[in-house]
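Close look at the chain arrangement
The chain contents come next:
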Amino acid sequence: MCFTFDFFVCIQCGTIKNRKICSLCLFDTSFYKLTIRVYRKIMKMLVEKIEQKFDQEKVIEEFEDLTKDAGKIQEETLEKILEQNRGTEYLQQWGLNGKTDPQTFKNCVPIVTHNDLEPYIQRVADGDLSPILTGKPIETISLSSGTTQGKPKFVPFNDELMESTMQIFKTSFAFRNREFPIGNGKALQFIYSSKQFKTKGGLAAGTATTNVYRNAQFKKTMKAMCTPCCSPDEVIFGPDFHQSLYCHLLCGLIFGDEVQAVSSTFAHSIVHAFRTLEQVWEALVVDIREGVLSSRVTVPSIRLAMSKLLKPDPELADTIYNKCSRLSNWYGLIPELFPNTRYIYGIMTGSMEPYLKKLRHYAGELPLLSADYGSSEGWVGVNVNPKLPPELVTYAVLPNIGYFEFIPLGGNLNGMEQANSPVGLTEVKLGEEYEIVFTNFAGLYRYRLGDVVKVKGFHNGTPELQFVCRRNLLLSINIDKNTEKDLQLAVEAAAKHLVDEKLEVVDFTSHVNVSADPGHYVIFWELSGEATDEMLQDCCNCLDKAFIDAGYVSSRKVNAIGALELRIVKRGTFHKILDHFVGLGGAVSQFKTPRCVGPKNSSLLQILSSNVVESYVSTAFC
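Residues numbered from 1 in each chain as written. Predicted model: local features only at pLDDT ≥ 70, side-chain atom pairs only at ≥ 80, totals over all residues. Heavy atoms only, no water.

By the naming in an unreviewed UniProt entry, the chain is Jasmonic acid-amido synthetase JAR1 isoform X1, taken from Nicotiana tabacum. In its Sequence similarities (unreviewed entry) section, the UniProt record describing the chain reads: "Belongs to the IAA-amido conjugating enzyme family." (UniProt positions renumbered as here; feature names shortened; annotations may be inferred.)

Given below as structure tokens:
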């Protein structure tokens, strides 16, 4: 039996009406009565069409409304988090007694680090189904990158975090697209998904980026924003990132004229991709010319997916060959190969800043747009001023994605901050530095993120933050305190000695050697070519004198800190570190070169030490 409705569809405008004359377009022919099955199908298509439509101005308007009354939104967000999770073991132990106001929350619930919450998170991962941290069961675990401490951390991930991720993506794109509008093109995205695995309790576990890429909402959102990836899913989710990278480049070249944005999670991945292109471009040209994928790609699923895209195209191959051949030292590579690209997009702050010089070399005159501010634990803010250069970028905090507190630092990154009471989102002061403490919807309460930020302004009622550094990334032996930024500036100053020989520092890291007496800084450099001993000795001395922290300078003068040591490592050493990271289950998209390798990160120290080819000791304070 076939049930029908007294509804009709207008095939001219697509509306569904209960009359034969469409009130919208007055079309009166070719109407069809709808069966239940057809009606449901049409309604599903209409819903999907509505979901896919991206309303840029509406997204911006919603953001403006949220930030105008940030204080009230923060209170409502905290109330919502505590209401959802009031019955959890973790919150009940602190005696909130059902109260959801900020003052009671701060008085009762302590500020914690990941080490404090790790036993609770581990129980969740091991399959304990009781409400430990959240009212609703956690079904997914995110892994932090692990590049800082040498091993990844488990962090709960749920639907609310996915929703906030999509909110960040949409808001960021809306502001970005208003300044740099793109049409119906494609994005060359160097994104990679690591393997998900099951925890002891059967929960899906993977890097934060993997959990996002594998979520259906991600693909819908990207499609709605008209930025589908050039590469098929089989490339993104491929098991070998070297092969995936090769195919990302190949897909980009195939769709070269359609590419309107080049992006990755981190700037490092983009630089790494185009350094690779310098090495393999001729092989890519052969693939395009012959329409046959290189034998270097062996993964069956990737080969099958690429075979559907790759057809013999001698004309395109000649064009790419001629463009690459006439480039001078690969300057302007991106706009030359992808002429309709509007911008380069990715996280470019913090440990990514050292890659900006090389990225600008590849980008030519194209603008570099820094992506939004977040971590494996959750999101903090969005870049609503995309025209700002990465060195000056700020992030407006979204007041509805979590509850935020800020520990005032007063310029003391390593001091007794416990004496400073945290202040709320709307209580921070312009120009001051703070450490972020946040509470999210996935079971983290008053969690120290470990990031130091500076308040650079306000967007309506919410602060605009500039990332300063990670608190735990400090070079310190005596009374010296040098941050990741201090290290970067020192490397930049010393690297100027290489410019005349057209050499560059490919990558770098550091280590505090306290096994010697006195202890001293060790800086590891990988160079793009051979340098003379005299030049590298000058670099070493310059590095030592470039650390201008008063505690460091005074300690060096009295030999309380020993002479800085510069160690040159073999070409490809930092690729070995990347391979090691991926081997531990990390995703290339999430990789950050650790700028300070601690004693617990013995595997990285071993890779670095075993690849040292030259060593120089500073004579700057002799």
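Description of the confidence of the model for the chain
Residues of the chain with pLDDT of at least 70 account for 86%, and the chain-wide mean is 85. Confidence over residues 1–34 falls short of pLDDT 50; this stretch has 67 contacts with residues more than four positions distant or in other chains. Confidence over residues 45–51 falls short of pLDDT 50; this stretch has three contacts with residues more than four positions distant or in other chains. (pLDDT = per-residue confidence, 0-100. Contact = heavy atoms within 4.5 Å.)

Describing the sheet that holds strand 14 (residues 395–397)
One open sheet holds the eight strands; their spatial order is 12-13-14-19-18-17-15-16, and the pairing between them is antiparallel. In this open sheet, the two strands that pair with only one neighbour each are strand 12 (373–375) and strand 16 (423–424). As defined by bridge partners, strand 13 (residues 378–382) adjoins strand 14 across two bridges and the pair is classed as antiparallel. Paired with Val-382 across the bridge in strand 14 is Ala-396. (Pairing = 2+ DSSP bridges. Helix = DSSP H or I, 4+ residues; strand = E, 2+ residues; numbered from the N terminus.)

Quick word on the pattern of salt bridges
The tally for this structure, following the rule as stated, stands at 18 salt bridges. For Arg-595, the salt bridge identified is with Asp-507, shortest N-O distance 2.8 Å. Of this pair, Arg-595 sits in the loop between helix 20 (573–583) and helix 21 (602–610) while Asp-507 sits in strand 22 (residues 505–513), and the two are 88 residues apart along the sequence. We classify Arg-595 as buried; its relative accessible area is 3%. (Salt bridge = Lys/Arg side-chain N within 4 Å of Asp/Glu carboxyl O. Buried < 20%, exposed > 50% of the residue type's maximum accessible area, 1.4 Å probe, protein only.)

Regarding the environment of Ile-334
Inspection of the secondary structure assignment puts Ile-334 in helix 15 (residues 333–337). Judged by relative accessible area, Ile-334 falls into the buried class, the value being 0%. Counting along the chain gives 26 residues from Ile-334 to Arg-360, while the straight-line C-alpha distance between them is 9.9 Å. What Ile-334 contacts, discounting residues up to four positions off in sequence, is Val-262, Phe-274, Thr-341, Ile-344, Tyr-362, Ala-363 and Leu-366.

Side note on the side chain of Ser-555
Along the polypeptide, Ser-555 turns up in helix 19 (residues 550–557). Within the structure, Ser-555 has its side chain in polar contact with the side chain of Asn-478 (distance 3.1 Å). Ser-555 has contacts with Asn-478, Ile-479, Ala-560 and Ile-561, leaving out every residue within four places of it along the chain. (Polar contact = N/O pair within 3.5 Å; in protein donor to acceptor, adjacent residues only side chain to side chain.)

Considerations on the nonpolar core
By size, the foremost hydrophobic cluster in this structure holds 135 residues, and its most contacted members are Phe-274, Ile-344, Phe-406 and Ile-436. A per-element tally of this core places helix 12 (residues 267–290) first, with eleven residues. Of the residues that make up this core, three or more belong to each of domain 1 (184–195 + 226–366) and domain 2 (484–617). Ignoring anything within four residues of it in the chain, the contact list for Ile-436 reads Tyr-373, Val-380, Phe-404, Glu-405, Phe-406, Tyr-447, Arg-448, Leu-449, Gly-450, Asp-451, Val-453 and Leu-465. Counting residues in hydrophobic clusters, the runner-up holds 29 residues, among them Leu-498, Leu-527, Tyr-552 and Ile-561. (Core = buried A, V, L, I, M, F, W, Y, C linked by side-chain atoms within 4.5 Å. Domains from an automatic or database assignment.)

What to know about the packing of helix 12 against helix 16 (residues 356–363)
Two quantities define a packed helix pair, namely the angle between the helix axes and the distance between the axes. For the pair helix 12 and helix 16, interaxial distance at closest approach is 10 Å and the crossing angle is 55°. Taken together, the axes of helix 12 and helix 16 lie oblique to each other. Between helix 12 and helix 16 lies a crossing of left-handed hand. Side by side, helix 12 and helix 16 meet where Ala-267, Ile-270, Val-271, Phe-274, Arg-275 and Glu-278 of the first sit next to Lys-358, Leu-359 and Tyr-362 of the second. Residue composition of the contact of helix 12 with helix 16, grouped by class: six nonpolar, no polar and three charged. (Axes fitted to C-alpha atoms, helices over the stretch in contact; angles between N-to-C directions. Parallel < 35°, antiparallel > 145°, perpendicular 65-115°, else oblique. Left-handed = near helix turned anticlockwise from the far one by under 90°. Nonpolar A, V, L, I, M, F, W, Y, C, P; charged D, E, K, R; others polar.)

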